[in-house]
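The lines below spell out each chain.
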Amino acid sequence: MKVGTASPHFYCKTMEVKLIENIVNEHFRDSEKFLVNVNVRPSNKIEIFIDSDDKITLDDCIELSQHIEAQLDRDKEDFELMVSSAGITSPILLTRQFKKLIGQKLTVVGKDGGKFTGILKDATDEGITITQQTLSKVKKGMTAKVKSEEDIHFTKDDYVTAKLFIDIN
């Protein structure tokens with residue numbers, strides 16, 4: 001979901017990521033919603049990605065966008081604002097996101113370029129553990145059975161990206 005307001009682009013050094021993070025975190029205090037990431041582009045385009053322990057609605061994005069607009073002074077600096085939920089194709093960045101996905105299938109790309117797909121078993125501030133399954137070979141029309149399972153642990157320094165696995169078959 002995206003909500004935004006378009007404005008002419010120019011770079012303003014005073015537009016700080018920390019300021020935006022503080023505004024968002026203040027708005028979400030005592031809420032199941034949380035900030036995932038803030039990007040401020042040189043053109044003063046502010047991109048905010050949010051998530052929730054439950055769900056994010058369009059109204060959540062609109063409400064946050066209005067809250068941010070009320071906190072910033074357009075007379076001092078012009079900006080474009082985009083508030084969006086962290087989509088299912090977005091990388092998983094925070095431990096809080098991983099924790100809500102325990103039991104779901106993820107694809108993790110290691111720093112060595114290896115690609116691993118498995119069920120998210122555990123998530124801590126130190127890293128994640130997925131259970132990778134090897135399936136038995138089957139004839140057409142039969143269902144594969146789990147042949148073996150292996151837990152693979154990744155520290156935060158071991159992987160480049162982790163995303164929810166989307167099976168398009």
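Here is a short report on the structure shown in this document. (Residues numbered from 1 in each chain as written. Predicted model: local features only at pLDDT ≥ 70, side-chain atom pairs only at ≥ 80, totals over all residues. Heavy atoms only, no water.)

### What to know about the sheet that holds strand 7 (residues 127–135)
Point 1. The strand order across the open sheet built from five strands is 8-7-6-5-9, with neighbouring strands paired in antiparallel fashion. Of all strands in the sheet, those bounded by a partner on one side alone are strand 8 (146–155) and strand 9 (159–164). Within this sheet the neighbouring strands show an average axis-to-axis angle of 40°, counted without direction.
Point 2. Sheet topology places strand 5 (residues 105–110) next to strand 9; five bridges connect them, and they run antiparallel. Following the sheet pairing, Leu 106 is matched in strand 9 by Leu 164. (Pairing = 2+ DSSP bridges. Helix = DSSP H or I, 4+ residues; strand = E, 2+ residues; numbered from the N terminus. Axes fitted to C-alpha atoms, helices over the stretch in contact; angles between N-to-C directions.)

### Thoughts on the pairing of strand 2 (residues 33–40)
Point 1. Both strand 2 and strand 3 (residues 45–52) contribute to a ladder of seven bridges, which runs antiparallel. Within the sheet, the bridge partner assigned to Phe 34 lies in strand 3 and is Asp 51.
Point 2. Where strand 2 folds back onto strand 3 in an antiparallel hairpin, the turn is made up of four residues, including Asn 44, whose phi is positive at roughly 65°.

### Structural notes on the pattern of salt bridges
Side chains that carry opposite charge are capable of pairing whenever their charged atoms lie near each other.
Point 1. Following the criterion strictly, the structure yields eight salt bridges and no others.
Point 2. Taking the shortest distance from any N to any O, the salt bridge between Asp 60 and Lys 33 comes out at 3.8 Å. Placement of the pair is Asp 60 in helix 2 (residues 58–71) and Lys 33 in strand 2, with a sequence separation of 27 residues.
Point 3. Relative accessible area serves as the criterion here: at 15%, Lys 33 is assigned to the buried category.
Point 4. The structure contains a network of salt bridges with shared partners spanning Glu 32, Lys 33 and Asp 60. (Salt bridge = Lys/Arg side-chain N within 4 Å of Asp/Glu carboxyl O. Buried < 20%, exposed > 50% of the residue type's maximum accessible area, 1.4 Å probe, protein only.)

### A short note on the environment of Thr 143
Point 1. In this fold, Thr 143 is placed in the loop between strand 7 and strand 8.
Point 2. Among the residues examined, Thr 143 registers a relative accessible area of 65% and is labelled exposed.
Point 3. Along the sequence, Thr 143 and Lys 76 sit 67 residues apart, while their C-alpha atoms lie 63 Å from each other.

### A look at the packing of aromatic side chains
Point 1. For the structure on display, the rule yields three aromatic pairs.
Point 2. Aromatic side chains Phe 116 and Phe 154 sit 5.4 Å apart centroid to centroid with 65° between the ring planes, which places their arrangement in the edge-to-face category. With Phe 116 in strand 6 (residues 115–123) and Phe 154 in strand 8, the pair connects residues that are 38 residues apart, well separated along the chain.
Point 3. On the basis of relative accessible area, Phe 154 is assigned to the buried category, the value being 4%.
Point 4. Between Phe 154 and Tyr 159, the ring centres sit 6.3 Å apart and the planes meet at 85°, which makes this aromatic pair edge-to-face. (Phe/Tyr/Trp six-rings, centres within 6.5 Å; stacked < 30°, edge-to-face > 60°.)

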